[in-house]
Amino acid sequence: MTYRAVVIGAGRIGLALEADDRRPKPATHAGMWMHHPATELAALCDVVPEFEAVAREIAPEARCYGDIDEMLSAERPDIVSIATHQDSHVAVARRAIDAGVKAIACEKPISDDLSTAQALVTEAAGAGVHLIVNHARRFDPALRTLASNLQNGVIGEVLQVTGYYVYGLISTGTHLIDLLRMTLTPFAGDVSWVAAWPNRMIHHHPDGDICVDGVIGFESGLKANIQSLDMRSYDHFELRYYGRSGLVTFDGLQRRIDYYEDVDAGTRSGFRELSATPLRSEANPDNSYFAFLADHLVDCLGGNATVASSGEDSVHALAILQAMSQSAERGGEVVTLTECADVGLHSVAALAKG
Ligand SMILES: NC(=O)c1ccc[n+]([C@@H]2O[C@H](COP(=O)([O-])OP(=O)(O)OC[C@H]3O[C@@H](n4cnc5c(N)ncnc54)[C@H](O)[C@@H]3O)[C@@H](O)[C@H]2O)c1
């Protein structure tokens, strides 16, 4: 069976970055539906007509539209990718659900508004639509293995975690928060409080976003530190997990996971220290997260998988991001998730379970 897919929002991640020679392919929503054996890219839609010239180069067989509803009624797609900006994700997704699609691949963050995001999750579930949010690392088999390794004690009890990101809490920090939840929540519970401070040394982020440093606290008592760097200097995405018997690091750009173990100290008797070099490494710099996403969504449609990066997870990540923004506005005051905005941890957790 071939599923018909369309892309709404044919900008950088929707279409144009497919032309970046250095990115593993597919590198965009359009690219993944063009190249997956079980899908075809039927059409693209954008409000800016200039996208058609780009589409002619990258996706010459796809039809181009300037109006979402016109495209949805003419194309009757099974799959809709949403690669507009976050303020329109929910409204666009609702139109796709009304048009009877089977699956939505929505860019992160799910929305800029927690309560409408939560409502969308309920509506998609009610309509039987698979809603997948592109927190892309959720689809990477190596990171899924890392999550189960941590849960199974590969470095013993996890004691400290630090993550680094660039270019805005909402824009990129959402990937970090989501990955922390993916890897830590199975044994540390969910995030129950946060504290954050604006990074006064860094001002490079999209309009309306902010770079913050902070701490997120899990129900078990485990804390994760989050620190922002300046993308004008270099891009960076990193996680470091320290356990009682070792260290695991994830380099998000090289897509490399290194496992260090505790060994006898080289320069002192009776002490243990972390190995100077990793004792085990996995690196897959050429893997395409979009290829993983396409495989996963097709598996969901075939009944062979349940959604790995769900709307519920994304609502949860958004609640944490908003709590961190609130804390930063209040100069680092601790914000519990029950205090956060208009949705509390318990209602989000209930939503995630049910
Ligand atoms: N998952 C990732 O790694 C990743 C990477 C980059 C961007 N993103 C996310 O993807 C989204 C888009 O980012 P981008 O960098 O591609 O932005 P972009 O500005 O290049 O593209 C967005 C496109 O959406 C179009 N658009 C806006 N409203 C529309 C509407 N109603 N109908 C049709 N088209 C509409 C715009 O004209 C624009 O071409 C954002 O949510 C961003 O956070 C995710």
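For the structure, check the block above.
Residues numbered from 1 in each chain as written. Predicted model: local features only at pLDDT ≥ 70, side-chain atom pairs only at ≥ 80, totals over all residues. Heavy atoms only, no water.

A look at helix α8 (residues 289–301)
Step number 1: In this model α8 runs 18 Å from its N-terminal to its C-terminal C-alpha over 13 residues, within 8% of the 18 Å that 1.5 Å per residue would give.
Step number 2: Counting buried residues along α8, ten of its 13 residues qualify, which places the element largely inside the surrounding structure.
Step number 3: Where α8 is concerned, the buried positions are Tyr289, Phe290, Phe292, Leu293, Ala294, His296, Leu297, Val298, Cys300 and Leu301.
Step number 4: For α8, the side-chain oxygen to backbone nitrogen distance between the N-cap and Phe290 is 3.1 Å, and the N-cap itself is Ser288.
Step number 5: Phi for Gly303, located one or two positions after α8, is positive at around 80 degrees. (Helix = DSSP H or I, 4+ residues; strand = E, 2+ residues; numbered from the N terminus. Expected span 1.5 Å × (residues − 1). Buried < 20%, exposed > 50% of the residue type's maximum accessible area, 1.4 Å probe, protein only. Polar contact = N/O pair within 3.5 Å; in protein donor to acceptor, adjacent residues only side chain to side chain.)

Brief notes about the packing of helix α3 (residues 68–75) against helix α4 (residues 86–98)
Step number 1: One can describe the packing of α3 onto α4 by two numbers: an axis separation of 10 Å at closest approach and a directional angle of 25 degrees. Between α3 and α4, the crossing angle belongs to the class labelled roughly parallel. As α3 packs across α4, the resulting crossing turns out to be right-handed. Side by side, α3 and α4 meet where Ile68, Asp69 and Leu72 of the first sit next to Val92, Arg95 and Ala96 of the second.
Step number 2: Looking at the contact of α3 with α4 residue by residue, the class counts come to four nonpolar, no polar and two charged. (Axes fitted to C-alpha atoms, helices over the stretch in contact; angles between N-to-C directions. Parallel < 35°, antiparallel > 145°, perpendicular 65-115°, else oblique. Left-handed = near helix turned anticlockwise from the far one by under 90°. Contact = heavy atoms within 4.5 Å. Nonpolar A, V, L, I, M, F, W, Y, C, P; charged D, E, K, R; others polar.)

Some remarks on the site of the ligand
Step number 1: Among the 19 residues in the neighbourhood of the ligand, the closest are listed as Arg12, Ile13, Asp46, His85 and Glu107.
Step number 2: His85 places a polar side-chain atom, nitrogen or oxygen, 2.8 Å from an oxygen atom of the ligand.
Step number 3: At 3.5 Å, a backbone N or O of Asn134 approaches a nitrogen atom of the ligand.
Step number 4: Across the complex, the protein chains shield 76% of the 850 Å² of accessible surface that the ligand would expose by itself.
Step number 5: Class assignment of the residues belonging to the shell around the ligand gives a composition of seven nonpolar, eight polar and four charged. (Near = heavy atom within 4 Å. Areas by Shrake-Rupley, 256 points an atom, 1.4 Å probe, with all protein chains shown as cover.)

Digging into the side chain of Thr28
Step number 1: Turning to its location among the elements, Thr28 is positioned in the loop between β1 (3–8) and α1 (29–35).
Step number 2: Judged by its relative accessible area of 0%, Thr28 falls in the buried class.
Step number 3: A distance of 2.9 Å separates the side chain of Thr28 from the backbone nitrogen of Gly31, its partner in a polar contact.
Step number 4: Setting aside anything within four residues of it in sequence, one finds Thr28 in contact with Arg12, Ile13, Gly14, Leu15, Ala16, Leu17, Glu18 and Phe290.

What about the pairing of β1?
Step number 1: The buried fraction of β1 amounts to five of the six residues, a majority that puts the element mostly inside the structure.
Step number 2: Inspection of the sheet shows β1 paired to strand β2 (residues 39–45) by six bridges, in the parallel sense. Looking at the pairing, Arg4 lines up with Glu40 of β2.
Step number 3: Viewed along the sheet, the connection from β1 through α1 into β2 turns out right-handed.
Step number 4: The sheet contact formed by β1 and strand β4 (residues 79–82) spans four bridges and is parallel. Across the sheet, residue Val7 finds its bridge partner in β4, namely Ser81. (Pairing = 2+ DSSP bridges. Right-handed = clockwise from strand over helix to strand, strands pointing away.)

Brief notes about the sheet that holds strand β5 (residues 103–106)
Step number 1: Strand order in the open sheet made by the six strands is β3-β2-β1-β4-β5-β6, with parallel pairing throughout. Of all the strands in the sheet, just β3 (63–65) and β6 (130–133) have a single pairing partner and so form its edges. Averaged over all adjacent pairs, the angle separating strand axes in this sheet is 20 degrees, with direction ignored.
Step number 2: In the packing of helix α2 (residues 51–58) onto the sheet, contacts are made with β2 and β3, and the angle to β3 comes to roughly 165 degrees.

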